[in-house]
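Listed here are the chains, written in short residue letters.
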Amino acid sequence: KAGVTQTPRYLIKTRGQQVTLSCSPISGHRSVSWYQQTPGQGLQFLFEYFSETQRNKGNFPGRFSGRQFSNSRSEMNVSTLELGDSALYLCASRTGMSSYEQYFGPGTRLTVT
Amino acid sequence: QQQVKQSPQSLIVQKGGISIINCAYENTAFDYFPWYQQFPGKGPALLIAIRPDVSEKKEGRFTISFNKSAKQFSLHIMDSQPGDSATYFCAAWSTGNQFYFGTGTSLTVIP
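Just so you know, these numbers come straight off a predicted model, no measurement behind them.

Student: What is the right way to look at the state of the cysteines in this model?
Tutor: The term disulfide refers to a covalent linkage connecting the sulfur atoms of a pair of cysteines. All names here are of chain B. Within this structure, the stated rule accounts for two disulfides over all chains. Here C23 pairs with C90 through a disulfide, and the sulfurs are 1.9 Å apart. Its S-S torsion of about -95° marks the bond between C23 and C90 as left-handed, since a negative value means left-handed. Linking C23 in strand β3 (residues 19–25) with C90 in strand β9 (residues 86–92), this pair joins segments that are 67 residues apart in sequence. For C90, a relative accessible area of 0% corresponds to the buried category.

Take a look at the structure:
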């Protein structure tokens, strides 16, 4: 069974631009979570989607948004990029909201210049 | 507010030694405590996990010790190997809620 895939793997953007990251969960997994990973802050939870609905949300500004499609694939969008948004963005999937086994993708490395 | 506090930030251990990483939490509603291992350029991978009704869980060289009254849990890596060099994250979760992660421990095992 294929793992969680994320595209693109690397991205360079300029301040003020917007970016969309994509995540395909493991087949059969309906919950997708997004995390921001930085050296100083560790793994910070952004949001979680299940059945196309946002179920949980972390403490990030409204510039960070996401959505989930009927096939469970998810996208994350960051508008008006800031230098501080440079990070590794990780997607994780699990079968459902009651499942405690979470599997991560390799991440998208975003650099904002 | 950091829901899960992890220490140390970095750890250097000789090959064959024991690596110990500690985590503490406050929210007694947490009912699942996983540990993740992350290699450079990779996403975190689930390593081992424990429920609060068990005081210890062992899988190969990896052991979780759980102290419910102290609200602490730790990862012990026995006979540490250079291949164990990675960043380790503890986490805590309760049904229907998000996962809360520690800030990570960078482990280096010296040959």
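Let us keep going from here.
Student: Can you walk me through the interface of chain A and chain B in this structure?
Tutor: Interface size is commonly expressed as the accessible surface area that is lost when the partners come together. The interface is formed by 22 residues belonging to chain A together with 18 residues belonging to chain B. Summing the contributions of chain A and of chain B, the shared interface buries around 1,600 Å²; its carbon and sulfur component is 57%. Connecting chain A to chain B are zero salt bridges. Run the count over chain A and chain B and you get three residue pairs in polar contact (both at pLDDT 80 or more). Elements supplying a minimum of two residues to the side of chain A that touches chain B: β4 (31–38), β5 (42–50), β6 (53–57) and β9 (87–94) of chain A. At four residues, β5(A) tops the list of elements feeding residues into the side of chain A that touches chain B. For the side of chain A that touches chain B, a count of residues per class yields nine nonpolar, eight polar and five charged.

Student: Where do I start with the nonpolar core in this structure?
Tutor: Note on soluble globular proteins: their nonpolar side chains tend to be buried together. Core analysis: the biggest nonpolar cluster contains 24 residues, and F33(B), W35(B), F73(B), L75(B) and Y88(B) have the highest contact counts within it. For this core, the secondary structure elements donating two or more residues are β2 (10–14), β3, β4 (33–38), β5 (45–50), β7 (62–67), β8 (72–77), β9 and β11 (105–110) of chain B. Of all the elements, β9(B) adds the most residues to this core, at four residues. Membership of the second largest hydrophobic core comes to 21 residues, among which are L21(A), Y49(A), L81(A) and A87(A).

Student: Would you explain the packing of aromatic side chains in this entry?
Tutor: If you walk through the whole model with that rule in mind, you get 22 aromatic pairs over all chains. The interplanar angle of 65° and the centroid separation of 5.7 Å between the aromatic rings of Y35(A) and F45(A) together place this pair among those described as edge-to-face. Here Y35(A), found in strand β4, pairs with F45(A), found in strand β5; they are 10 residues apart in sequence, far enough to count as distant. Accessibility expressed as a relative area gives 0% for Y35(A), which makes it buried. Take F45(A): its relative accessible area is 6%, and that puts it in the buried class. Centre to centre, the rings of Y25(B) and F30(B) are 6.2 Å apart; their planes meet at 65°, and the pair counts as edge-to-face.

The rules behind these values
- In this convention, every chain numbers its residues from 1, walking through the sequence in written order.
- All chains are assigned letters beginning with A, and all ligands numbers beginning with 1, in the order in which they are written.
- Residues qualify for local features only when their pLDDT is at least 70, as the model is predicted, and side-chain atom pairs are given and counted only at 80 or more; totals for whole chains, interfaces and linings, by contrast, use all residues.
- Calculated side-chain values reflect all of the structure's heavy atoms, with hydrogen atoms and water omitted.
- Disulfides are defined as pairs of cysteine sulfur atoms found within 2.5 Å of each other.
- Helix and strand assignments come from DSSP, with helices taken as H or I runs of at least 4 residues and strands as E runs of at least 2, each series counted from the N terminus.
- Working definition: with a 1.4 Å probe on protein chains only, accessible area under 20% of the residue-type maximum means buried, over 50% means exposed, and in between means partly exposed.
- In what follows, residue pairs with any heavy atoms lying within 4.5 Å of each other are defined as contacts.
- A 1.4 Å probe defines the accessible area here, and the buried area is the portion of it lost by two parts on being joined, summed over both.
- Definition used for salt bridges: Asp or Glu carboxyl oxygen within 4 Å of a side-chain nitrogen of Lys or Arg.
- Whenever a nitrogen or oxygen atom comes within 3.5 Å of another N or O atom, the pair is scored as a polar contact, on the condition that within protein one atom can donate a hydrogen and the other can accept it, and that pairs from neighbouring residues in sequence are kept only if both atoms are in side chains.
- Residues are grouped as follows: Ala, Val, Leu, Ile, Met, Phe, Trp, Tyr, Cys and Pro are nonpolar; Asp, Glu, Lys and Arg are charged; all remaining types, including Gly, are polar.
- Throughout this description, the term nonpolar core refers to a set of buried Ala, Val, Leu, Ile, Met, Phe, Trp, Tyr and Cys residues connected via side-chain atoms within 4.5 Å.
- Only the six-membered ring of Trp is used, alongside the rings of Phe and Tyr, when aromatic pairs are assigned; centres must lie within 6.5 Å, and planes under 30 degrees apart are stacked while those over 60 apart are edge-to-face, with the rest tilted.

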